[in-house]
Amino acid sequence: MKRLNMEFGVGLFLLLGLAAFFYLAIRMGDVGLLRQDGYTVTARFISSSGLKEGAMVELAGVRVGKVQRIVLDPERYESVVNLAIEPGVRITEDTIASVRTAGIIGDKFIKLTPGGMDIYLADGDELLDTESSLDIEELVSKYIFEGGDTPQSD
Amino acid sequence: MFRAIERLGDRTLYFIELWGQMGLFLFTTLASLLRPPYQLHPILKQIHFIGARSTLVILVAGVFTGMVVALQFYDTLVRFGSVAMLGSAVALALIRELGPVLSALVVIGRAGSAICAEIGIMRNDEQIDALECMAIDPYKYLIAPRILGGLIAVPALTMIFIVVGIFGGWFVGVVLFGVSEAAYFHGMYDTVVWHDVWMGVVKSFVFGLIIVWVATVRGFFLHLDRSGVFGAEGVSRTTTNAVVFSTIGVLVSDYLISAVML
Amino acid sequence: MNHSAQPLETPEAVDGREPVIEVRDLVSHYGERRILDGVDLQVRRGEILVIMGGSGSGKSTLLHHLLGLKRPSAGSIRLLGSELEDLSKKQLYALRRRMGVAFQGGALFSSMSLRENVALPLRQHTRLDEETIRIMTRMKLEMVNLGGFEDLRPAELSGGMLKRAGLARSLIMDPELLFFDEPSAGLDPVVSAELDELILRLREALSMTIVVVTHELESAFGIADRILVLDQGRVLVTGTVEQVRNTDNARVQDLLNRRPRNEPVDAEAYLRRLTGMRD
């Protein structure tokens, strides 16, 4: 009886631990146990600075997917970002993908701005129009220093 | 002067010896796992002792840690008008640092000290010699189940701690301070990635190993302790040593893992 | 096998029984300190050898060497026909299954009942079914007069009972060779005498070879076939009870008559020994 109690306790404990782990892994880590049958498209950026794997992909303010993988293209020195798009969301070929920030110090995410074409991307296709992350420091220095440089632009 | 150098040399040699002893100890234990008999019940018993019986403490510690972290972050974030990030901040702090470290400290206090004292008393009372003489490998019979138990129980406790902490943070943030529930959880789900969870998991495994390893090795080699104090006093000294040593081990390795994985 | 045809190495083996333990020129150190200094010893099949000595004589260390728990600095130990130094861990464990050891305080596991303690070697080394294990455990416990105490835990037993329970555990695998560390230490004379009786009965009934380590004269003379007296890491005398009783070695006579050591105590040397420094 005592031994049964012990085994029951251990079983319950391990179940709790596993449940906690799966909650963290699936809800937070987005580990695809509940694999959705969406599709992935690729987008190239000059810089995806601040963007992380798992970040949101938004279209018209609605979440339509997430960033799956970010790798460097070693030849063109560009950031290659794989976007996992939910099934049922069709993306036109002339859609613009831009790296945006939620608020001033919030998370980076990908904003998709659809164009007007009626050709849609399929799994593995590439988005051609992209805008890189806006770097606040760069913006600020641009205004300060380029302001004094105007004579040169002649 | 000469004496100081001699002392330094002596201490250096002692530390090399200590590390060698610890390494060999772990190696012998792991090697013993490969030989039959393979018994599950002793491991369950250790999971019960290290894990199941620490659950209540972990639940309480987790809830309050989550609550205080949420309180602190809320107070900071509200000054930047970024209260929507509360969920992310609490979850990241718990998953990457506080969950693994605080769970480890709870386990050191509850189980690490007890394991060290238990093994030390067995050494004192010739029970380990008796095992040897009965042709039962003490590494396999005593140490291996404890190490495996720690490797399973500590990560499980850590995961429980984190999840409970997240809900403790929810209570303070959402219920007490009126942060939107959607912002709390969705901010969290969007910010935290698998790599963060993975870091917490790796840490909890390493901590589990360190805690049980230090506790068992100190108790097991009680008779070789160079203070030469045995008996009840030796056990109490060794237990204190093990607690200090494993606490430092956990904190140092925490930094190293963070530095490597961030 | 014709024993008398074999070349006999020592006059002690003349009575023809094979030696079960042979120790030659054993030297042992603890750190810098020399504990054993050239110990020779022989135990023949079926005999009871008592290793006697005061505290600090090195008798516990000698026992540890015989059990293979400590490696000698020099010298050789042959146990049941194998050289201890040459054995792998596996071979050593195989050898140990043929011997039993009863420790001073019983060395029972406090988390288990008496039954589980005694049954432990059976569970680890055999595939016997529960019923057989129960019966064998009960038999051994009854042999040491502990029948009916199976469900008690070590914490609920007295010192003498612990010793007897430890003895039962050491007998569970029916060893050829039994070691008994301090059977009478800390026991009242009556219980101690009972235990001596038990040792003699065991030898009769199971024809075991028995090595007893003790500091008690009474007990040593009562059970020994031969006695080995150890003092400060050296063998003072070996022989039958009669031979030891009648030896003219002054140190042995001092021990027998419980006279304090008459050598002047060198305080300096004692201090150095305590602090473990070289002299």
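You'll find the structure just up there.
Presented here is a report on the structure given in the accompanying data block. Everything quoted here is computed from the prediction, not taken from an experiment. (Residues numbered from 1 in each chain as written. Chains lettered and ligands numbered in written order. Predicted model: local features only at pLDDT ≥ 70, side-chain atom pairs only at ≥ 80, totals over all residues. Heavy atoms only, no water.)

Notes on the overall build of chain B
- Across its full length, chain B carries nine helices and zero strands.
- With the principal axes as the frame, chain B shows a C-alpha extent of 65 × 55 × 30 Å.
- Taking as baseline every contact in chain B between residues at least 6 positions apart, the subset at least 24 positions apart corresponds to 83%.
- Of the roughly 11500 Å² of accessible surface on chain B, 72% is carried by carbon and sulfur atoms.
- Of the side-chain charges in chain B, 16 are positive and 17 negative, and the distance between the mean point of each set is 2 Å. (Helix = DSSP H or I, 4+ residues; strand = E, 2+ residues; numbered from the N terminus. Contact = heavy atoms within 4.5 Å. Areas by Shrake-Rupley, 256 points an atom, 1.4 Å probe, with all protein chains shown as cover. Lys, Arg positive; Asp, Glu negative; His and termini not counted. Charge placed at Lys NZ, Arg CZ, Asp CG, Glu CD.)

Describing the packing of aromatic side chains
All names here are of chain B.
- Tallied over the full model, the rule gives 16 aromatic pairs over all chains.
- Geometrically, the ring pair formed by Tyr14 and Phe15 is edge-to-face, given 5.8 Å between the ring centres and 65° between the ring planes.
- On the basis of an interplanar angle of 45° and a centroid distance of 5.8 Å, the ring pair of Phe167 and Phe185 is categorised as tilted. Within this pair, whereas Phe167 is found in helix α6 (residues 138-176), its partner Phe185 is found in helix α7 (residues 181-191), the two being separated by 18 residues in sequence.
- By relative accessible area, Phe167 is classed as partly exposed at 37%.
- Look at Phe185 and you get buried, because its relative accessible area is 11%. (Phe/Tyr/Trp six-rings, centres within 6.5 Å; stacked < 30°, edge-to-face > 60°. Buried < 20%, exposed > 50% of the residue type's maximum accessible area, 1.4 Å probe, protein only.)

A look at the arrangement of the chains
- Ranked by contact count, the leading pair among the two pairs of chains in contact consists of chains A and B.
- There is no contact between chain A and chain C; across them, the least C-alpha separation is 13 Å.

Overview of the pattern of salt bridges
- One pass over the structure, following the stated rule, counts 32 salt bridges over all chains.
- Two residues, Asp196(B) and Arg96(B), come together in a salt bridge whose shortest N-O distance is 2.7 Å. Remark: Arg96(B) occurs in helix α4 (residues 86-124) and Asp196(B) occurs in helix α8 (residues 194-220); sequence separation between them is 100 residues.
- Judged by relative accessible area, which is 24%, Arg96(B) ranks as partly exposed.
- Here Asp129(B) and Arg123(B) are joined by a salt bridge, their closest N and O atoms 3.4 Å apart. Taken individually, Asp129(B) and Arg123(B) each receive the classification buried, so the pair is uniform in this respect.
- A single salt-bridge network, built from bridges that share partners, covers Arg44(A), Asp73(A), Arg76(A), Glu78(A) and Glu126(A). (Salt bridge = Lys/Arg side-chain N within 4 Å of Asp/Glu carboxyl O.)

Structural notes on the nonpolar core
- Residues Leu24(A), Met28(A), Ile166(B), Met188(B), Ile21(C), Ile51(C) and Phe179(C) are the most contacted members of the largest nonpolar core, which totals 116 residues.
- Looking at this core element by element, the count peaks at 18 residues for α4(B).
- Residues in contact with Met188(B), not counting those within four places in the same chain, are Tyr23(A), Met28(A), Gly87(B), Ser88(B), Ala91(B), Ile166(B) and Ala183(B).
- Residues Ala102(C), Ile172(C), Leu198(C) and Val237(C) belong to the second largest nonpolar core, which totals 43 residues. (Core = buried A, V, L, I, M, F, W, Y, C linked by side-chain atoms within 4.5 Å.)

Examining the environment of Ile50(B)
All names here are of chain B.
- As for its position among the elements, Ile50 is in helix α2 (residues 41-50).
- Residue Ile50 is classed as buried on the basis of its relative accessible area of 0%.
- Here the alpha-carbon distance between Ile50 and Gly231, two residues 181 residues apart in the chain, equals 25 Å.

A short note on the sheet that holds strand β9 (residues 226-231) of chain C
All names here are of chain C.
- One open sheet holds the six strands; their spatial order is β6-β7-β8-β3-β9-β10, and the pairing between them is mixed. Edge strands, defined here as strands with exactly one partner in the open sheet, are β6 (99-102) and β10 (234-240). Neighbouring strand axes in the sheet, compared pairwise and without regard to direction, differ in orientation by 15° on average.
- Here six bridges tie β9 to β10, and the two strands are oriented antiparallel to one another. Residue pairing across strands places Val229 opposite Val237, the latter belonging to β10.
- Docked against the sheet, helix α5 (residues 159-171) engages β6 and β7 (177-181), running at close to 170° with respect to β6. (Pairing = 2+ DSSP bridges. Axes fitted to C-alpha atoms, helices over the stretch in contact; angles between N-to-C directions.)

Thoughts on the pairing of strand β6 (residues 108-113) of chain A
All names here are of chain A.
- Where strand β2 (residues 56-59) meets β6, three bridges bridge the pair, whose relative direction is parallel. Residue pairing for β6: Val57 is matched across the bridge by Ile110.
- For strand β5 (residues 96-101) and β6, the ladder comprises six bridges, and the chain directions are antiparallel. In the strand pairing of β6, Ala97 is matched with Leu112.

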